[in-house]
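Residues per chain are reported as follows:
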Amino acid sequence: MSKLIVAKFGGSSMADAVAMKRSANVAFEHRANLITVSATFGTTNNLIKLSKLALESSWDDCESLIGEIVEKHHSIAKDLGLEDLSELNKLLEEARTIAKGVNLLRDCSAKAFDTIQSLGERMSSLLFSKALSDTWNAVETKTVENFDVRKVLRTDDQFGKAQPLVKEIRNLCNEHLKLCKSNEVVYVTQGFIGQSEDGHTTTLGRGGSDYSAALLAEGIGADILQIWTDVAGIATTDPRIVPSAKLMSEITFSEAAELATFGAKILHPTTLTPALREDISVYVGSSYEPHALGTWIKKECDEAPLIRAMALKKDQSLLTLSTPKMLHSHGFLYEIFKIFNQYKVSVDSITTSEISVSLTIEDSTLLNKKLIAELETLATVKIEEKLCLVSLIGNNINHTAGLATRIFNSLGDINVRMICLGASKHNFCFLVDEKRANEAVVKLHEHFIGE
């Protein structure tokens, strides 16, 4: 019995007609049952820019950018041989209409912003459906359908970063995607977007296309989730920092989740959750090199090295909250995290002493003056900026004697500002100054992984 496969293609795989045809061949060769696509390369950024121009600039500036978006998508349609442009033009006109309303009112609600961003995926899926249909039907007769993911990907109404409603998604997938599961129809659909229970278009946040694909894989009970990008798998670290970084043939869910959370850009941090829930195998490969080895993400791997990979998370700030009130008292951490919860701010790592708590957050969070002001009602707040979080990802890290010695000997004179160890057997992380962060990764990679 054939495997039920969900495949996701990113923006670089949708860059132009050539990329779409190449991706269509990949989807055909793997007999993918459901394909999720991102917007064509650069389009989401242009739609965000259009929203800002509509809000702040003249309509002539908006028209100029709309013209670029129209030209790009018409050009791809022409190269794919798509003669009927009526559906594509409807979507382009929707972008113009929303932008016009924003420009007239000088107001762009979160709801409107999500709708205008959704048009990138809605246009690319329409175009890719043509590419895939031609590829399939050149060999055998197959129904390829452009499916509106909003029919099944139900979310709450937190526009900009909507949360999926997993049970509803599963039920709707069973209702609307039966023909996909029975291999009668191949569906092409959109990543990144969903729909609230009130029928409004939502987005899952930047990078949400991977998450969408995983949710759909969970929803239809897929055997395999394929993530096709422009790199041939997951590397031991960022090749732009360490050119000798190696592609890994396999990695565990736990390791990959740590790697994604702590800075690796190949996967959206939450992507793996639905796949892990249903034990769906995940494959990461390149649509440009589809026959390269790629990386499999599994519950368990054949080998469990002490250090498998490392990540670098930039733009970090260190907040140190100090007060004598912490001494022999309870509830202080609760009060701190209640404030972070109120402002929906995520904390990456944390250490504590008798009268101090140090934690890391994204640099941009410091722009939230109200958050800092509330924290200052509890304690004295010291802020250190322009730091990077270096993470070593592997196995049994918190039970390996001498590991810290090896790490710090490798770093030499690079100062470590904060260490976080013990919460996970898969991760050892610490802060360094951004000016020496790349150097730290190079030294550690050479010591633990080699050339």
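Residues numbered from 1 in each chain as written. Predicted model: local features only at pLDDT ≥ 70, side-chain atom pairs only at ≥ 80, totals over all residues. Heavy atoms only, no water.

1. As for the overall build of the protein chain
Within the protein chain, the secondary structure is distributed over 14 helices and 17 strands. Taken over the C-alpha trace, the protein chain has a radius of gyration of 24 Å; the compact-globule value for 451 residues is 22 Å, and the two agree within 12%. Each principal axis of the C-alpha distribution contributes one length, and for the protein chain these read about 70 × 55 × 40 Å. Sorting the 451 residues of the protein chain into buried and exposed places 53% on the buried side. A separation threshold of at least 6 residues defines the contact pool for the protein chain, and within that pool the share at least 24 residues apart is 77%. Surface summary for the protein chain: the accessible area is close to 20600 Å², and the carbon and sulfur share equals 50%. Of the side chains in the protein chain, 48 bear a positive and 58 a negative charge, and the two mean positions are spaced by 1 Å. (Helix = DSSP H or I, 4+ residues; strand = E, 2+ residues; numbered from the N terminus. Rg over C-alpha atoms; globule rule 2.2 N^0.38 Å. Buried < 20%, exposed > 50% of the residue type's maximum accessible area, 1.4 Å probe, protein only. Contact = heavy atoms within 4.5 Å. Areas by Shrake-Rupley, 256 points an atom, 1.4 Å probe, with all protein chains shown as cover. Lys, Arg positive; Asp, Glu negative; His and termini not counted. Charge placed at Lys NZ, Arg CZ, Asp CG, Glu CD.)

2. Things to note about the pairing of strand E11 (residues 295-298)
The side-chain alternation of E11 yields one buried face, formed by Thr295 and Ile297, and one unburied face, formed by Trp296 and Lys298. Pairing geometry for strand E9 (residues 250-252) and E11, over three bridges, is parallel. Within the sheet, the bridge partner assigned to Glu250 lies in E11 and is Trp296. Inspection of the sheet shows strand E10 (residues 281-286) paired to E11 by three bridges, in the antiparallel sense. Paired with Val282 across the strands is Ile297, a residue of E11. (Pairing = 2+ DSSP bridges.)

3. What about the nonpolar core?
By size, the foremost hydrophobic cluster in this structure holds 49 residues, and its most contacted members are Phe9, Met20, Ile35, Leu127, Phe128 and Leu132. With ten residues, helix H5 (residues 110-137) is the single largest residue contributor to this core. Residues Ala162, Ala213, Ala217 and Phe253 belong to the second largest nonpolar core, which totals 45 residues. (Core = buried A, V, L, I, M, F, W, Y, C linked by side-chain atoms within 4.5 Å.)

4. As for the sheet that holds strand E12 (residues 307-322)
If you walk across this open sheet you meet the six strands as E13-E14-E12-E15-E17-E16, and the pairing is antiparallel. In this open sheet, the two edge strands, each paired with only one partner strand, are strand E13 (350-352) and strand E16 (418-421). Sheet twist, expressed as the mean angle between neighbouring strand axes with direction ignored, is 30°. In this structure, E12 lies alongside strand E14 (residues 356-362), joined through seven bridges in antiparallel fashion. Bridging from a neighbouring strand, Ser317 pairs with Ile361 of E14. The strands touched by helix H13 (residues 403-411) are strand E15 (380-394), E16 and strand E17 (427-433); relative to E17, the strand with the most contacts, the crossing angle is about 25°. Packing against the sheet, helix H14 (residues 437-448) makes contact with E12, E15 and E17, and its axis sits at approximately 140° to E12. (Axes fitted to C-alpha atoms, helices over the stretch in contact; angles between N-to-C directions.)

5. Some remarks on the side chain of Gln316
By secondary structure assignment, the location of Gln316 is in strand E12. Of note is the side chain of Gln316, whose polar atom sits 3.3 Å from the side chain of Asp348. Beyond its immediate sequence surroundings of up to four residues, Gln316 is in contact with Asp348, Thr360, Ile361, Glu362, Asp363, Glu384, Glu385, Lys386, Leu387, Cys388, Leu389 and Leu431. (Polar contact = N/O pair within 3.5 Å; in protein donor to acceptor, adjacent residues only side chain to side chain.)

6. Focus: the side chain of Thr271
Looking at where Thr271 falls in the secondary structure, it is placed in the loop between helix H9 (253-261) and helix H10 (272-277). If sequence neighbours within four positions are ignored, Thr271 has contacts with Asp210, Tyr211 and Ala214.

7. Considerations on the pattern of salt bridges
This model, assessed by the stated rule, comprises 22 salt bridges. Residues Lys90 and Glu87 are paired through a salt bridge, measuring 3.5 Å at the closest nitrogen-oxygen approach. Separated by three residues within a single helix, Lys90 and Glu87 lie in helix H4 (residues 86-105), roughly one turn from each other. For Glu87, a relative accessible area of 43% translates into the label partly exposed. A salt bridge links Glu255 to Arg308; the nearest nitrogen and oxygen atoms lie 2.7 Å apart. Here Arg308 lies in strand E12 and Glu255 lies in helix H9, a separation of 53 residues in the sequence. Arg308 carries the same exposure label as Glu255, and that label is buried. (Salt bridge = Lys/Arg side-chain N within 4 Å of Asp/Glu carboxyl O.)

8. So, empty space enclosed by the protein
Taken as a whole, this structure holds one cavity of 30 Å³ or more when the rule is applied. When its volume is computed, the largest cavity comes out at roughly 30 Å³. As for the largest cavity, its lining consists of Leu47, Leu50, Ile66, Ile69, Val70, Leu92 and Ala95. Counting only elements with at least two residues in the lining of the largest cavity, the list comes to helix H2 (43-56), helix H3 (59-80) and H4. Sort the elements by how many residues they give to the lining of the largest cavity and H3 lands first, with three residues. Considered class by class, the residues forming the lining of the largest cavity number seven nonpolar, no polar and no charged. (1 Å grid on protein atoms, 1.4 Å probe; cavity = no way out; pocket = protein on both sides within 12 Å on 5 of 7 lines; lining within 4 Å. Points joined across faces, edges and corners; volume = space filled by probe spheres on them. Nonpolar A, V, L, I, M, F, W, Y, C, P; charged D, E, K, R; others polar.)

9. Focus: the sheet that holds strand E5 (residues 185-190)
Spatial strand order, E3-E5-E2-E1-E8-E10-E11-E9: eight strands in an open sheet with mixed pairing. The strands lining the two open edges of the sheet, one partner per strand, are strand E3 (143-146) and E9. The average angle at which neighbouring strand axes cross in this sheet is 20°, direction not considered. Bridge count for strand E1 (residues 5-9) against strand E8 (residues 224-229) is five bridges, and the pairing is parallel. Note on E8: the bridge partner recorded for Ala7 is Gln226. The strands touched by H5 within the sheet are strand E2 (34-37), E3 and E5, with E5 carrying the most contacts at an inclination of about 155°.

10. What about a nonpolar patch on the surface?
Together, Phe408, Ile419 and Leu421 make up a nonpolar patch on the protein surface, roughly 240 Å² of accessible area in all. In this fold, Leu421 is placed in strand E16. (Patch = residues over 30% accessible without salt bridge, like charges linked within 9 Å, V, L, I, M, F, W, Y side chains within 5 Å.)

11. Notes on the packing of aromatic side chains
Each aromatic ring pair is described using two quantities: the centre-to-centre distance and the angle formed by the ring planes. Within this structure, the stated rule accounts for nine aromatic pairs. Pairing Phe337 with Phe340 gives two aromatic rings, centres 6.0 Å apart and planes at 45°, and the pair type is tilted. Separated by three residues within a single helix, Phe337 and Phe340 lie in helix H11 (residues 332-342), roughly one turn from each other. Classification of Phe337 as partly exposed rests on a relative accessible area of 33%. Classification of Phe340 as buried rests on a relative accessible area of 2%. Each ring, one from Phe428 and one from Phe430, has its centre 6.2 Å from the other, and the planes form 75°; the classification is edge-to-face. Take Phe428: its relative accessible area is 2%, and that puts it in the buried class. (Phe/Tyr/Trp six-rings, centres within 6.5 Å; stacked < 30°, edge-to-face > 60°.)

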